[in-house]
Amino acid sequence: MRLLNASGCLDALAAPEVARTLDAYVTKTVTPLPREGNAPVRIAETELGMLNAIGLANPGVDAFAGDHLPRLAELGMPLWVSVGGFSVEDYVHVAERVGSRDEVETLELNLSCPNVDEVPENVGEVVAAVRAVTGKPIYAKLSAAVPDLGATARAAEAAGADGLSLVNTVKGLALDERTLQPVLARGAGGLSGPALRPIAMAAVHTCFRETRLPIVGMGGVARGRHALELLAAGAGDVAIGTALFSDPAAARRIRGELEAELAALGIVSADNAVGLAHRSADSTLDQRSRLLLEKPLHMGANLPG
Amino acid sequence: MLRRERRSVVATEAIGPYTLLRVERGTVDPGRPGQFFMLEAPGRLLPRPMSLALAPPGELAFLIDPIGPGTRALCTLALGDEVGVLGPLGNGFDLDVERPLLVGGGIGVAPLPYLSERLGGPPAVLGFRTSWHAEAAELVPNAEVVLEPTYVTEAMPAGRDVLACGPEPMLEAVRRLTPTAQLAWEAPMACGYGACYGCVVEIDGELKRLCMEGPVLAAA
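To keep things clear, this report deals only with the structure shown in the data block. (Residues numbered from 1 in each chain as written. Chains lettered and ligands numbered in written order. Predicted model: local features only at pLDDT ≥ 70, side-chain atom pairs only at ≥ 80, totals over all residues. Heavy atoms only, no water.)

### Looking at the sheet that holds strand β10 (residues 189–192) of chain A
The strands that make up a sheet pair up through hydrogen bonds in the backbone, lying either parallel or antiparallel.
Residues and elements named next belong to chain A.
So, point 1. Spatially, the 4 strands line up as an open sheet ordered β3-β4-β10-β9, and their pairing is antiparallel. The outermost strands of the open sheet, each flanked by one partner alone, are β3 (43–46) and β9 (170–172). Sheet twist, expressed as the mean angle between neighbouring strand axes with direction ignored, is 40°.
So, point 2. Inspection of the sheet shows β9 paired to β10 by 3 bridges, in the antiparallel sense. In the strand pairing of β10, K171 is matched with G190. (Pairing = 2+ DSSP bridges. Helix = DSSP H or I, 4+ residues; strand = E, 2+ residues; numbered from the N terminus. Axes fitted to C-alpha atoms, helices over the stretch in contact; angles between N-to-C directions.)

As structure tokens, this is what we get:
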């Protein structure tokens, strides 16, 4: 199991020592042209989360590929590049520029950002187009706020995606307490943090059933127990986003907490926890060949010797 | 390594409508005047950015205006409570100035006590809405106080190196009066260390993260 940051929740060039606590670093979404992002105010706290309307601020693919990427490579850790755009051609343009670079391990396609005005209609179409221009692993980052997430995930799989990143933020709104006007200049924004966690859990659970793709699970992970639950739902890797804002040391802490949770349940390793939530009557082990646990789950069952 | 440290509250004191929150310093570096800390707000998801107001021996002190749920929660902390502290963050004021004049407006007074101490108590002009708010002026030596409808820009002597902190309209007015002034801005922040891209302000025509480029900005 690897711990990553959620795209957009860490700048490795600003805080390299935080990036190095992760097993892989995911960049903020790169678009063909530079973007300043939305006008401030771009963040707002809610009771159980936060809203962001950053708006895909990024230096554009040319500056990213020419300047940021070599500097990121100096971190000496696996790099995932988040690829974004407003048309199939945009995604292809970025994927062509970064999808051949040795410094890059994986492309994560941002197919689900709620903070920009135009979104591509067809996940499968974008995945297929990017598949055609790169041999790198492609992960499709999806939002839970689609009419049929299972079908969307299957479309990504059929188009050649190598994995799924679940979930992106969902649209939310907060009002200023004195003016009763939206806090964010743009109005609505993407909700992240604890409020998103049950949504992420359902999304991972669904896509683990509906596809054979490995999954990076994310959404409101703040403690080791949350990581364990995403693994049980079917995620093989876990990403931390909002939790990094209040606790830059979250990755180390969560890793330690997860180890304690696994030990208390008698699970030998995080990888053995993947998919445990699916051991109910209507799922078969034939379908879930990724389930590594072969013995009933009870204390001590998986201890060696 | 950026690390949030848990620190005990050693005192809280009401000063006008504000609260001076003092926590034990331990090994935390107080940093330079103008730098800030992210304080964990009890019961809230995100921390709040607060300038260091004072660095008494063994302590860190923050002046807090209870204007929202996070600042209100910080103002309810009591002796012995623990609070998460991350910092020092951002840049600070450039102290290499020949004739400093400190200028503060309202809660913008927050970084000025520490700044004043480091500069040897230079003259200060502080503006407040009411005399109740102006009780905070007691934290800054050598300060002239003006109350609305008089503004600080009407009381600032000319020919000084201005170091200012206060509401945006005040900073804009100070900049028009003294283009070389060092201005300490504020912005909503989720992280304080460049991760969330939320705290951008316009600097030289571009949106830049205030926690990385500031919070103290000097005119070009």
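Having seen it, we continue.
### Structural notes on the interface of chain B and chain A
So, point 1. Of the residues lining the interface, 29 residues belong to chain B; the matching set on chain A comes to 32 residues.
So, point 2. Taking both sides of the interface into account, the surface hidden between chain B and chain A amounts to around 2,600 Å²; carbon and sulfur atoms contribute 60%.
So, point 3. Of the charged contacts in the structure, one is a salt bridge between R209 of chain B and D11 of chain A, with a shortest N-O distance of 2.7 Å.
So, point 4. Between the two partners, chain B and chain A, sit 11 residue pairs in polar contact (both at pLDDT 80 or more).
So, point 5. Put simply, the parts of the chain that give the side of chain B that touches chain A at least two residues each are α1 (69–75) and β13 (206–209) of chain B. (Contact = heavy atoms within 4.5 Å. Buried area = accessible area lost by both parts, 1.4 Å probe. Salt bridge = Lys/Arg side-chain N within 4 Å of Asp/Glu carboxyl O. Polar contact = N/O pair within 3.5 Å; in protein donor to acceptor, adjacent residues only side chain to side chain.)

### Some remarks on the pairing of strand β3 (residues 36–39) of chain B
All names here are of chain B.
So, point 1. Here β3 shows a buried face lined by F36 and M38 and a second buried face lined by F37 and L39.
So, point 2. Relative to strand β4 (residues 48–51), β3 is paired through 4 bridges, and the arrangement is antiparallel. The residue of β4 that forms the bridge with F37 is M50.
So, point 3. Pairing between β3 and strand β6 (residues 82–89): 3 bridges, direction antiparallel. Looking at β6, one finds that L39 is bridged to V85. (Buried < 20%, exposed > 50% of the residue type's maximum accessible area, 1.4 Å probe, protein only.)

### Some thoughts on empty space enclosed by the protein
So, point 1. As enumerated under the stated definition, the model contains 2 cavities of 30 Å³ or more in all.
So, point 2. Approximately 30 Å³ is the volume found for the second largest cavity.
So, point 3. Taken together, S246 of chain A together with R4, M38, L39, E40, P47, G84 and L86 of chain B form the lining of the second largest cavity.
So, point 4. Going through the elements one at a time, β3 and β6 of chain B are the ones with two or more residues in the lining of the second largest cavity.
So, point 5. Considered class by class, the residues forming the lining of the second largest cavity number 4 nonpolar, 2 polar and 2 charged. (1 Å grid on protein atoms, 1.4 Å probe; cavity = no way out; pocket = protein on both sides within 12 Å on 5 of 7 lines; lining within 4 Å. Points joined across faces, edges and corners; volume = space filled by probe spheres on them. Nonpolar A, V, L, I, M, F, W, Y, C, P; charged D, E, K, R; others polar.)

### Points about the sheet that holds strand β7 (residues 100–105) of chain B
Residues and elements named next belong to chain B.
So, point 1. Strand order in the open sheet formed by 6 strands is β9-β8-β7-β10-β11-β14, with mixed pairing between adjacent strands. Only two strands of the sheet have a single neighbouring strand rather than two, namely β9 (143–147) and β14 (216–218). On average, each strand axis in the sheet is inclined to that of its neighbour by 20°, with strand direction left out of account.
So, point 2. Relative to strand β11 (residues 182–184), strand β10 (residues 161–165) runs parallel, the two sharing 3 bridges. From the neighbouring strand, L163 faces β11, where its bridge partner is Q182.
So, point 3. Sheet contacts for helix α2 (residues 112–119): β7, β8 (124–128) and β10; angle to β7, the most-contacted strand, approximately 170°.
So, point 4. Helix α3 (residues 168–177) rests against β7, β10 and β11 of the sheet, and its axis sits at about 170° to β10.

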